[in-house]
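# Examination of the molecular architecture
Now for the letters of each chain:
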Amino acid sequence: MYYLVSILIGYLFGCMHGSHLVGKLKNIDIKNSGVKNAGASNATILLGWKYGILVALIDIFKATIAILLVLFIISEAGFSSSQQTLMVYITALFVIIGHNYPVTMKFSGGKGTASLVGVLLAIDWKVAVIGIGILLVSSLATDYLVVGVLCMYLSFLVTTYMFFGIGPASIVVVLSLLSIMKHLENYKRIWKKEETKLSSMFFNKSA
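Since the structure is predicted, the reported quantities are computational estimates derived from the model, not experimental observations. Residue numbers run consecutively from 1 along every chain, following the written order of its sequence. In keeping with the model being predicted, local features are shown solely for residues with a pLDDT of at least 70 and side-chain atom pairs are shown and tallied solely at 80 or more, while totals for entire chains, interfaces and linings include all residues. As a rule here, side-chain values come from all non-hydrogen atoms in the structure, and water together with hydrogens is ignored.

### Concerning the side chain of Lys111
Relative to the helices and strands, Lys111 resides in the loop between α5 (81–100) and α6 (113–123). One polar contact links Lys111 to Asn186, side chain to side chain, over a distance of 2.5 Å. The numbering of helices and of strands both runs from the N terminus, where a helix is a DSSP run of H or I of at least 4 residues and a strand a run of E of at least 2. Each polar contact in these results corresponds to two N or O atoms within 3.5 Å; when the atoms are within protein, one needs to be able to donate a hydrogen and the other to accept it, and residues that are neighboring in sequence are counted only if both atoms are side-chain atoms.

### What about the packing of aromatic side chains?
The way to describe two aromatic rings as a pair is by their centre distance and the angle between their planes. For Phe, Tyr and Trp, rings pair up if their centres lie within 6.5 Å, where Trp contributes its six-membered ring, and each pair is then called stacked (planes under 30 degrees apart), edge-to-face (over 60) or tilted (otherwise). If you walk through the whole model with that rule in mind, you get 4 aromatic pairs. Between Tyr2 and Phe79, the aromatic rings sit 5.2 Å apart at their centres with planes inclined by 85°, giving edge-to-face as the arrangement. With a gap of 77 residues between them, Tyr2 in helix α1 (residues 2–14) and Phe79 in the loop between α4 (49–74) and α5 connect regions that are remote in the sequence. Burial classes follow relative accessibility: with a 1.4 Å probe on protein chains only, a residue under 20% of its type's maximum area counts as buried, one over 50% as exposed, and anything between as partly exposed. When its relative accessible area of 32% is taken as the criterion, Tyr2 is described as partly exposed. Among the aromatic residues, those joined into a ring-pair cluster are Tyr89, Phe156, Phe163 and Phe164. A positively charged side chain is recorded as over a ring if its NZ (Lys) or CZ (Arg) lies within 6 Å of the ring centre. The angle to the ring normal must also be within 35 degrees. Over the face of the ring belonging to Phe163 we find Lys126, whose NZ or CZ atom lies 5.5 Å from the ring centre. For the cation-ring pair, Lys182 lies above Tyr101, with the distance from its terminal atom to the ring centre recorded as 4.8 Å.

### Structural notes on the pattern of salt bridges
For this document, the term salt bridge refers to a Lys or Arg side-chain nitrogen within 4 Å of an Asp or Glu carboxyl oxygen. Summed over all chains, the structure comprises 4 salt bridges. A salt bridge links Lys126 to Asp124; the shortest N-O distance between them is 3.3 Å. What makes Lys126 partly exposed here is its relative accessible area of 32%.

### Observations concerning α4
The length a helix should cover is 1.5 Å for every residue beyond the first. Taking 1.5 Å of rise per residue, the 26 residues of α4 would be expected to cover 38 Å, and the 38 Å separating its terminal C-alpha atoms lies within 8% of that figure. Those residues of α4 lying buried are Gly52, Val55, Ala56, Asp59, Ile60, Lys62, Ala63, Thr64, Ala66, Ile67, Val70 and Ile74.

### Some thoughts on the side chain of Asp59
The topology assignment puts Asp59 in helix α4. Should any heavy atoms of two residues lie within 4.5 Å, those residues are considered in contact. Non-local contacts of Asp59, meaning those with residues more than four positions away in its chain, are made with Met16, His17, Gly18, His99, Ala114 and Ser115.

### Side note on the nonpolar core
Joining through side-chain atoms within 4.5 Å is the link that ties buried Ala, Val, Leu, Ile, Met, Phe, Trp, Tyr and Cys residues into a set, and such a set is a nonpolar core. Within the largest apolar cluster, 42 residues are counted, with the highest numbers of intra-cluster contacts made by Tyr89, Leu116, Val119, Phe156 and Leu175. Mapped by element, the contributors of at least two residues to this core are α1, α3 (40–47), α4, α5, α6, α7 (125–142), α8 (145–164) and α9 (166–182). Ignoring sequence-local partners within four residues, the contact set of Tyr89 consists of Ile123, Phe156, Thr160, Phe164, Pro168, Ile171 and Val172.

This is the structure:
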């Protein structure tokens, strides 16, 4: 029962897209414009970094709130620490699935990067600091956000295994594979030297 609650809360919160709200505000279909992705990076490309940050904040904190809500619901249910951790990771998985494949957008959504940041913030501050730090450093060093995202997932896998064991780490493997699938076009564009660089996103002066 509680595992089902974790799945439903995760998926429903995941379906709430920041790009939808900002798209309505600016009268633009973010999902079908630019690089055709309903995420913060595409919002930044199309509208500038301020709107990109707004989309990111919505997508980050929907994941954090979903996990905190599940923790609140199961807090008095008598689950062990390991069971609670597993339910948190299940919630995280379905937040990302909901974001990537939302029923509200005909199962064609974003790529889950901002929501993963929200997951890290909710799970453990040490995991969050390491993951977000690696995301920033590797993105800035390569000038490609997608490289930073891949490094963040790898760090999440390692820290999850170190702190919480094989069960939650197995879920992170699934999350990582979902991310790689969603970013295949980005990797191809990097190979062709056609991928939008991080520096150009933040110097986009679109209003």
